[in-house]
Amino acid sequence: MSTSEEPPRLYEAREPVFPRKVKGSFRTLKWWLMGVLLGIYYITPWIRWDRGPNMPDQAVLVDLANRRFFFFVVEIWPHEFYFVAGLLIMAGLGLFLFTSALGRVWCGYACPQTVWTDLFITVERWIEGDRNARVRLWKAPWSVRKARIYLSKWAAWLLIALATGGAWVFYFTDAPTLARDLLAFQAHPVAYITIGILTATTFFFGGFFREQICIYACPWPRIQAAMMDEDTITIGYRDWRGEPRGKHRKAEGAEALGDCIDCNACVNVCPMGIDIRDGQQLACITCGLCIDACDEVMDKVGKPRGLIGYLALSDEISERAGKPPISVWKHIFRPRTMLYTVLWAGVGVGLVVLLFLRSDLDMSVSPIRNPTHVVLSDGSVRNAYEVRLRNMHGEPRPFTLSLSADQPFELTLEGIDGATVVVAADELLNQRVYVTAPASSPAATAASTPLRIWAEEGLLGERVYSDTVFNGRGN
Amino acid sequence: MVDPENKTPENKVSPPERQYPDPKKKIVEEPPTTGHVWDGIEEYDNPMPRWWLWTFYITIVWAIIYMILYPAWPLVTKATSGILGYSSRAEVANEIADFEARNEVWFQRLNETEIAALRDDDELERFAVQAGGAVFAAQCSQCHGTGGAGVQAAGYPNLLDDDWLWGGTLEDIHLTVAHGIRNETDPQARFSQMPAFGRDGLLDVDEVDAVVEYVLSLSGQSHDEALAEPGGEIFQMQCAACHGADGAGDHALGAPALNNQVWLYGGDRASIRESIWYSRAGVMPAFDGRLREAEIRAVSVYVHQLGGGE
Ligand code: SF4
Ligand code: SF4
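Values in this document were obtained by computation on a predicted structure and should not be read as measured data.

What follows concerns the site of ligand 2. The local shell around ligand 2 consists of I235, C270, P271, M272, I274, I276, C284, I285, T286, C287, G288 and C290 of chain A. Classifying every residue of the shell around ligand 2 by side-chain character gives ten nonpolar, two polar and no charged.

Accessible area lost on assembly of the parts is the figure often given for the size of an interface. Facing the 32 residues of chain B at the interface are 36 residues of chain A. Summed over both sides, the interface between chain B and chain A buries roughly 2900 Å², with carbon and sulfur atoms accounting for 59% of that surface. Scanning the region where chain B abuts chain A turns up one salt bridge. For E414 of chain A, the salt bridge identified is with R119 of chain B, shortest N-O distance 2.7 Å. Our count for the chain B to chain A interface comes out at 13 residue pairs in polar contact (both at pLDDT 80 or more). Looking at the side of chain B that touches chain A, the elements that each hand over two or more residues are β3 (48-49) and α1 (50-69) of chain B. The element best represented in the side of chain B that touches chain A is α1 of chain B, accounting for four residues. In terms of residue class, the side of chain B that touches chain A is built from 17 nonpolar, nine polar and six charged. Relative to β3 of chain B, strand β1 (residues 11-12) of chain A is paired through two bridges, and the arrangement is parallel. Each bridged residue has a counterpart across the sheet, and for E12 of chain A the counterpart in β3 of chain B is P49 of chain B.

This brings us to the site of ligand 1. All names here are of chain A. Residues in close proximity to ligand 1 include R104, W106, C107, C111, Q113, T114, I213, C214, C218, W220 and P221, which together make up its full environment. When contributions to the shell around ligand 1 are tallied by element, the ones reaching two or more residues are α3 (105-110), α4 (112-128), α9 (211-217) and α10 (220-227). Each residue belonging to the shell around ligand 1 can be placed in one class, and the counts come to eight nonpolar, two polar and one charged.

All names here are of chain A. Per the domain assignment, the segments of chain A are domain 1 (25-226), domain 2 (231-326) and domain 3 (361-471). One C-alpha centre belongs to domain 1, the other to domain 2, and the line joining them spans 33 Å. Taken together, the contacts link 22 residues of domain 1 with 17 residues of domain 2. Between domain 1 and domain 2, the buried area comes to about 1600 Å², and carbon and sulfur atoms account for 60% of it. Area buried by domain 1 at its contact with domain 2 is led by F26, R104 and R131, which between them contribute 30% of it. Between the two partners, domain 1 and domain 2, sit twelve residue pairs in polar contact (both at pLDDT 80 or more).

The rules behind each value
- Residues numbered from 1 in each chain as written.
- Chains lettered and ligands numbered in written order.
- Predicted model: local features only at pLDDT ≥ 70, side-chain atom pairs only at ≥ 80, totals over all residues.
- Heavy atoms only, no water.
- Near = heavy atom within 4 Å.
- Nonpolar A, V, L, I, M, F, W, Y, C, P; charged D, E, K, R; others polar.
- Contact = heavy atoms within 4.5 Å.
- Buried area = accessible area lost by both parts, 1.4 Å probe.
- Salt bridge = Lys/Arg side-chain N within 4 Å of Asp/Glu carboxyl O.
- Polar contact = N/O pair within 3.5 Å; in protein donor to acceptor, adjacent residues only side chain to side chain.
- Helix = DSSP H or I, 4+ residues; strand = E, 2+ residues; numbered from the N terminus.
- Pairing = 2+ DSSP bridges.
- Domains from an automatic or database assignment.

In C-alpha cells form, the structure reads like this:
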C-alpha cells in the first residue's frame, strides 16, 4: 500500500541553535552577573573562617559526616533544621515575588542552566567564530579542520565541566585537604564519582542539551504560568508597532509597514532559538538579548527603541489606545507583590531573631518509663532520666546538673561521681541521671510530682532547665 | 501566493491605511491538535523530541546489558544468575562480615580487659553498653523485661534496684550470665535450695505463722509482736544460716535479704507465708557456649550500668 500523503512525524530532531553575538545593556548586565555568580560558586568553598581549634575553618561547609551546616558565623545542627526549612521557604517566596513582578528573571539571568549555557556558548564562539561561521562549520562535511575545531571546543567544555563538578565537592569537606587528596588520588571514591557525574551533566547540559532542559525538563516554566498576571513585566514584542513587518523599506507602500524590518536579528541572538514576535511563550527564558539586538537595529534605521522590550500585558491595551506608558513601579507595586514581600521579610526577620535567641547549649530530658520507677532496698523510690546535653561551642565545657524542687530529692549520675559532666566541643552527650526520693517523702508515695532539672555551664555560667515529672509508688 | 502585480506602482494610487494587527488573531500558525477536548481544552499534537526516542533506546540497551550482568529471568528453581554473579544475599553476608570484622577489634579489647575494669575505659564501656544492650534485648528481655525491671509475679529479678541475690559486681554478674543459676547442665552454676518448711513438715502451721511475723518485722512492716518473738527464735535456728542473723541475706548462697524493701516474690504476709511453706526459687540458663565471651562481658556491663551495679 502506498499513499502520497506523508505520515505525520512522530519524532523531531533538535534544531541546533547558533546564537549570534550581541551588544547592549542586557548583555552587559548578563556578563556581570555571570562573573559574579560563577565567582561565588567557585570561590565560596575556599573562604576561611576561624571558629576555634576544634572546629572546621571553612566559611561555608555542609558537613554530612558530622551532620552540621556551617555558614560564616552560623552553625546549624540537625535539630535546627527549621532554619534550612525557613531558608527554603524564603527562596520559594522570593521566586514568587520576582516572578509575579518581573517574570522569569531567574531563568534569564541567574539559573545555573542559563549561566553555564551562556558560558559554553561564549567558549564556542571564541573557538568557532560567530553565528555564520558556526552554521557553516555545522553544515560542512567532516574534515580534519572541522574535527580539530570541534575537538578543541569539546575539550574546553570538558575542562569547564570538570571545574564545575570539582568545585561542588569542596562544599562538603575541607577544601584544601580535599584538593590535595584529589590530586594525589587519595580522596574517597565518592568524591571522584560525584565529580564524574557532575562533570558529565555539566558537559552535556551546557554543551548539547541547552534549551531542551528549559523546554522539556524543567518544572519552573510550567509553575511560572501561575505566578504571572497581566501586570507582570516580561519580555514582549510590540506587534501593534511592528506589524505588518517587511524588509523593503525603500519600496512603494513601505508607509503601510510597521517598524519591524524583519531582519531576524532577535531570532538570531536568541539562545532558545525562538521568535519573540510570536508572542511571549513557554520557551522564552526572558534573557533580554533580543531587546539588545532589536534596539541596535532600531538605532540603525532611526526608529525609537523598544520594539521589543520589557512590558506587561496591561501595557498593550493602553499603548494601542495611544495612552502614555504605565510606569514600571505601578506594575511592580501591587497587592500581590507587596504580600509576597511582607511574607518573605517576615520569615527572614523570624529566622534572624531565632538565630540570635538560640543558646549554644541545649538540654533535653526524657524520662525512662520502662519501668516508671524503681523501689530500692531502703524503700526509697528512684526514677531514671536520659539527659541529652548539647554543647554547640568550639571547646569542651563542663555542665553541672542540679534540681530545683522543694522535695528532698537526691540526684546521681550513672558512672560518674558528683554532678558534673564534660561535653566535648561541638558534641552531644547522653547521660543517664537518677533522681531518688526517700521512702517517707510525699514524692515517693504520690503518683507523680513535677520536677525541674537544671544544667549550669561551667565557663560562662549559662543555665538551662528542662521540666519533667517524678513518678512515685502511687504510679 | 504573492501577487507580483501588487507591487507595481500602477496598482497603487495612494498609500494604504496602516493596518494594525488584530490582537485576537494569532501571528503564528497553531500546531495541529489530537482532537481530544476536555472542558474546552484541546491537546496539541506536537512531535516528540528525538532525544526522547534515543532515551527510550538507551533504556532498552541498558535492560539487555543488565539482564546479562545481573540475575534476571526467573527459572524453575532460581533465577538466571548473571555473569557478575551478584546476589543480594551475598551482599548482606558481606556487610555482616564487614560489620563483624570491625567489631572484632572491640571484642578483642573486651576479652583482654579485666572484668572488674571493664567500665574504666570510656570508649570500651560505650561499645559494651551498645553491644550488651543488643544482646540483652535478644536474650534476656524475655524474662527480665526490656527495661530490666523483671517480673515480680513470676519471680524474675529486677536488675535496676540495688538488691542482688547473687551479687551485683561486674564479676558476679558475669559469673551469673555465663553459667546461670541452679542450672543443672553447668557444673559451675551457683546453686542453692531453700527447704519447703511447711510442705515437708519441718515446721508446723503455728511455727510458720510465727516466722512470717518475725520476717515482717525485719523489714519494718506491721506485725504481731506476740508471734514475732517465738518466730525470731525459730528464725535463728532454721533460717539464719543462710539469710543471716539479721536477715541481711548472703550473696554467696543466693539467699535474699529479708530486712529491706525489695522482694522477689512479694513482701506481704501471704506471699511470705507461701515462700516459707513451699519454698520458691528461680532458674537461669547458662550463656557460656551460646554467646561469645565478649558478648557475655558486654551484657554484664550493660546490666551493671542499669542502675544497680555494685
Ligand atoms: S526553565 Fe528551568 S532550567 Fe531553564 S532557565 Fe528557567 S529555571 Fe533554568
Ligand atoms: S525571545 Fe528574547 S528574551 Fe526570550 S529567550 Fe529569546 S532572546 Fe531571550
